[in-house]
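Structural description and commentary
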Amino acid sequence: MTILSNAQLAELAGVDPWVLHAKIAVADPAQVESLAAAFYKAGGNMAQANTDQQRSATYRRQGYSADGTSPIDFDAEAKATVAAPENLKQIGKILDGVATDLSGAMSTAESEVSTLEQELSAIETRWTTFMQSIGHHLPPDDQAAERQGLIDEAVTRVKAHGSIIDASIKKYEETIFGAQKSMSDLGYVPPATLDDLYGDGAEYVKQLQETAKAAADKLKNNHSLDENWAKAAHEVAGEVAPYMNDPYFASAFYGELGPQMTQMLPSLMYESGSHTTAADLRTYSHMFGTAVTNAGKDSHMQDVADSFLHTPQEAATSWNRGAMVSNGDFPPDWLAKAARYNALDTFADKGAEGFGMGWQGTPNGSEAYDMGLSSDALALWTKDLGQNPVAAREALATMGNGHPDDVRIPADPSAAYHTNIHKLMEYGEQNGYPGDVSDAYGSAFAAASGANDEHDGAHSADAVAFTKALFNDMHDDNGLSQPNAAHYMAKIAGSYVQELAAGNDLEGTSVGGVDAHGLVPGDHAAFGVPPELAKEFMKTFAGNAEATQIFDSAAGEAAHHAMLAGAQQDTVLLHDGKSAYGFNTAAQAYGSVAGSENGAAIQVVGKQVEDEEHAQESMRKLLSWGVDLIPGGKIAEDVGGLVAKAPDTLWDIAKHVSNIGLEHEYGAAPGSAEQLAHFKDASYESAMASDYERTAILHDAGYPGTDHIPDELLTSDGHMVDAATVMKNEQLREAYYAYMHEGANAPQGSLGHGASVYEVTKNASGRFAAAYQGAKGNDEGVSE
Amino acid sequence: MPDMEYNTGELRTGAKHADAAAESADQAAATLKGSSGSGSPFGDVSGASALHGAVGSAQQHHAVGADTASKNMSTAATRASGTADLGDDNTDETTRLAPRAEQAGDVAKGM
């Protein structure tokens, strides 16, 4: 007979060590270790498989080609084959951690239960001994008193050991919870699919939501609004940051925080004197984006999201809401509507007057700037649109249409775009300092044009519609543009450089169509920009070195791509006995782009953009880049690398006006005094660098006659040594000079007149120069 | 008619690497398939079953992926090897029909 059963002791103790032990005893840490090892091993296998596959693809690509290219789509093959070995190894690591904690929890439970049972056994023995010795002589009350004393002692032991086991299991459950989240982050059982789960899945979501609400309550229930509030806001930001992409967590947090507190959060943060507001706000805003996107995951979140879709009474509310939207990824329609309700529709109606007192959204500017934001509510919302291309187009096409909930882009949005672009740029000019407005509209325009998320030659119809309107508007409004918009405008121009090239033979100051017969090789322009309009657009960034470099980089790459496509096209045409024109077409198209850019620069900056000093500077840049970017000892292995590394420098040289007409001064015999004089001339140097690039492109295209290029100008795998290396090595320069003077100029059998390497580069240079001069205009950069 | 070029040595090396990739991926698939746990390896505590489910889903996903990769690379190896054989046959045939190497060289240069 025992004094009490284990179940009775557990009930009295309020903790059941045996049930807890049973929960963990069924686990198998060895099996978890084995799973971890399997994932590690599979990760290693797949990493090796990927390496072998890449090697295989390289050999197979070189081993078989049809018309110069491999018929195998290696990219598609790689996509179909490549697994993610990193994920496999990561899972192995997660499981390793779980197995370690599990093992610890099991040992603790095992040991505690074992000790407990020994102690209970001893107590039982004491009771038996007591009853067998003196107990049975004592009255029942005395027996009961002794028994109760032993029971109390037993319960104390159960409670003590049970608590240790409980704590150990809770710690292990936290590990499980963390592992579950890590698996979710890797894409296994992502939160979005947890709706379909039950039991433990639902429990996981419930835990997330409870954690989120508890975090929100720390802000909601703290009414101090002093440094303690700021401290709490910072601590909560740290707590929620790991979950800011989780739909359940984010929506539960803001659902609990409520509409009013959510809208006031930015101003509460700076009013409390927080020094970490900028970083904290980025977290809160990011998580707000997740919450709005997943408003249906919490019963109160839709109310919070909808509260932003009302016209505010004053700029401060607009600004607070705009700050909450400054760093998140929001649904495009919601963002477009919010921008319209809070700023753009009032601006379309009232202009600079705004909500009656202008657009100043904070008591003083510095507080907003400390948060990395503009204090101008209109600028803030316009900048917010820069994060979302679809929302930017929707808002810019519909602002002021009288129905802020209707953000559908009309069939022909050009007039609306024209009106709204003009209004924003005009307001930007009125508020030239500190330039927040121009920074904001530049950001929104770049997003709307697709410059942030689309590729030139493959722009979406909506992005094209906006950009055509923007180009057309610049005929009238380029003078309104402010310095802070320059790099955005350069980025837009760089994203539409194929369209700038395609319009080389168009006239007028409006964008036009692309002639199917005059396509630039390799390009897929959606429309053409006449040189004069291109020049007007480029005035928005001309003279700004950083912005010019952004454009030059894109133009250099595009020009190289088109010239190579043209050379390849010509190689095929000549092979078929037809006249070649692709190389020349590309040269003319991009010569026009270069001329427009230089004409714009002359108008904005003045004549110094094309003087001798500039020629020397651009060559110094080329040569220094050659030194900086090509690892020592590997110069010969740098196959055409300079184009990829410094396309802006090569473009800068190509557009340099003083080289025009010098490209083919190869008349002097190699080694002559005349040749030496050429080499000392900076303009000649830059001309030669451009010419060398053209020859290298012809060589890469397999153009007939390039097989006579001297070996010293070739790398070990048959490409031409890059321009920087040649231009700083006198022997290589002389070798190239000699080739162009002699080998490149030799007739190429049946190729026909004008088709030798020398002639085709000369013609391309001429076409480049003619288009360049035509686009550039006179010495003042003005078209005549 | 497309102008085809073969380098059968490189094709065969490519096939060998593809075979090796298929072998490694196959091992990965076998390892993952063979490691399925049963029962409650994580115990009967809160969240254990959900984690077990997530791990199982990852295991199955990657086993299928590795299996597909193995099959794809095995096919690529067979194709590359077959193309190399075909290339050798074509070269033999072309040489028999146009034995004058200098003519073939002229044609190539004319490209």
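Everything numeric here is computed off the predicted structure, so don't read it as measured data.

1. What about the overall build of chain B?
- From N to C terminus, chain B includes three helices and one strand.
- Along chain B, helices (α) and strands (β) appear in the sequence β-α-α-α when read from the amino end.
- Every one of the 111 residues in chain B was classed for burial, and the buried ones make up 39%.

2. A look at the overall build of chain A
- Helix and strand content of chain A: 33 helices and one strand.
- Split into buried and exposed, the 784 residues of chain A put 52% on the buried side.
- Long-range contacts, defined here as pairs at least 24 residues apart, represent 78% of the contacts in chain A between residues at least 6 apart.

3. Brief notes about the packing of helix H2 (residues 17-25) of chain A against helix H6 (residues 140-185) of chain A
Residues and elements named next belong to chain A.
- In contact at an axis separation of 9 Å, H2 and H6 are set at 30° when each is read in the N-to-C sense. Relative to H6, the element H2 lies roughly parallel. The chirality of how H2 crosses H6 is left-handed. Mapping the contact onto sequence places Pro17, Leu20, His21, Lys23 and Ile24 in H2 and Val158, His161, Gly162, Ile165, Asp166 and Ile169 in H6.
- Looking at the contact of H2 with H6 residue by residue, the classes come out as six nonpolar, three polar and two charged.

4. What about unusual backbone geometry?
- In this chain, Tyr433 of chain A is followed by Pro434 of chain A through a cis amide linkage whose omega measures 5°.
- Tracing the chain through its elements places Pro434 of chain A in the loop between helix H18 (414-430) and helix H19 (436-449).

5. Observations concerning the environment of Glu394 of chain A
- With respect to the helices and strands, the residue Glu394 of chain A is situated in helix H17 (residues 389-398).
- Leaving out residues up to four positions away in the same chain, Glu394 of chain A has contacts with Pro332, Asp333, Ala336, Val407 and Ile409 of chain A.

6. Comments concerning the nonpolar core
- With 229 residues, the main nonpolar core has Leu95, Phe253, Ala395, Ala493 and Ala562 of chain A together with Ala25 of chain B as its most contacted residues.
- The greatest single-element share of this core, amounting to 14 residues, is contributed by helix H2 (residues 48-97) of chain B.
- Each residue touching Ala25 of chain B, except ones within four places of it in the same chain, is listed here: Asn45, Met46 and Ala49 of chain A together with Ala66, Ala69, Ser70 and Met73 of chain B.
- Leu9, Ala10, Leu116 and Leu120 of chain A belong to the second largest nonpolar core, which has six residues in total.

7. Topic: the packing of H17 of chain A against H18 of chain A
Residue and element names in this part refer to chain A.
- At a minimum axis distance of 7 Å, the contact between H17 and H18 shows a crossing angle of 90°. By the criterion of interaxial angle, the relationship of H17 to H18 is roughly perpendicular. Here Leu396, Ala397 and Thr398 of H17 come into contact with H18, specifically with Ala416, Tyr417 and Asn420.
- Grouping the amino acids of the contact of H17 with H18 by side-chain chemistry returns four nonpolar, two polar and no charged.

8. Regarding H18 of chain A
All names here are of chain A.
- For H18, built from 17 residues, the straight-helix expectation of 24 Å at 1.5 Å per residue is met to within 8% by its first-to-last C-alpha distance of 24 Å.
- Every buried residue of H18 is accounted for by Tyr417, Asn420, Ile421, Leu424, Met425, Tyr427 and Gly428. Projected down its long axis, H18 shows its buried positions confined to an angular sector of 160°, all on one face. Across from the buried face of H18, at angles greater than 90 degrees, the exposed residues are Ala415 and Gln430.
- Elements that come into contact with the buried residues of H18 comprise helix H16 (377-385), H17, H19 and helix H20 (461-477).

9. What about the environment of Ala252 of chain A?
Residues and elements named next belong to chain A.
- Here Ala252 lies in helix H9 (residues 247-257).
- Put simply, Ala252 and Asn294 are 42 residues apart on the chain and 10.0 Å apart in space, counted from C-alpha to C-alpha.
- If near-sequence neighbours (up to four positions away) are discounted, Ala252 is found in contact with Gln209, Ala212, Lys213 and Asp298.

10. Brief notes about the confidence of the model for chain A
Residues and elements named next belong to chain A.
- Confidence along chain A averages 85 in pLDDT terms, with 86% of residues attaining 70 or more.
- Within chain A, no element has a lower average pLDDT than helix H27 (residues 641-645), which sits at 46, and none a higher one than H17, at 98.
- Note that residues 190-200 has pLDDT below 50 and, in this model, 16 contacts with residues that lie over four places away or in other chains.
- Confidence over residues 625-645 falls short of pLDDT 50; this stretch has 32 contacts with residues more than four positions distant or in other chains.

11. Things to note about the environment of Asp552 of chain A
Residues and elements named next belong to chain A.
- Within the secondary structure, Asp552 is located in helix H24 (residues 545-575).
- For Asp552, a count of 23 C-beta atoms within 10 Å translates into the label buried.
- Note: C-alpha distance between Asp552 and Gly494 (58 residues apart in sequence) is 7.6 Å.

12. A few points about H16 of chain A
- Taking burial as the measure, the nine residues of H16 of chain A include nine buried ones, the bulk of the element.
- For H16 of chain A, the secondary structure elements touched by its buried residues are helix H13 (315-324), helix H14 (332-350), H17, H18 and H19 of chain A.

13. Focus: the confidence of the model for chain B
Residues and elements named next belong to chain B.
- Mean pLDDT for chain B: 73, with 69% of residues reaching 70 or above.
- Confidence, expressed as mean pLDDT per element, reaches its minimum in chain B at helix H3 (residues 101-110) with 35 and its maximum at helix H1 (residues 8-33) with 88.
- With pLDDT under 50 throughout, residues 97-111 is counted as low confidence; its partners more than four residues away or in other chains account for nine contacts.

Conventions and cut-offs
Residues numbered from 1 in each chain as written. Chains lettered and ligands numbered in written order. Predicted model: local features only at pLDDT ≥ 70, side-chain atom pairs only at ≥ 80, totals over all residues. Helix = DSSP H or I, 4+ residues; strand = E, 2+ residues; numbered from the N terminus. Buried ≥ 20, exposed ≤ 12 C-beta atoms within 10 Å, placed from the backbone. Contact = placed C-beta atoms within 7 Å. Axes fitted to C-alpha atoms, helices over the stretch in contact; angles between N-to-C directions. Parallel < 35°, antiparallel > 145°, perpendicular 65-115°, else oblique. Left-handed = near helix turned anticlockwise from the far one by under 90°. Nonpolar A, V, L, I, M, F, W, Y, C, P; charged D, E, K, R; others polar. Core = buried A, V, L, I, M, F, W, Y, C linked by C-beta atoms within 7 Å. Expected span 1.5 Å × (residues − 1). Arc of directions from axis to C-beta. pLDDT = per-residue confidence, 0-100.

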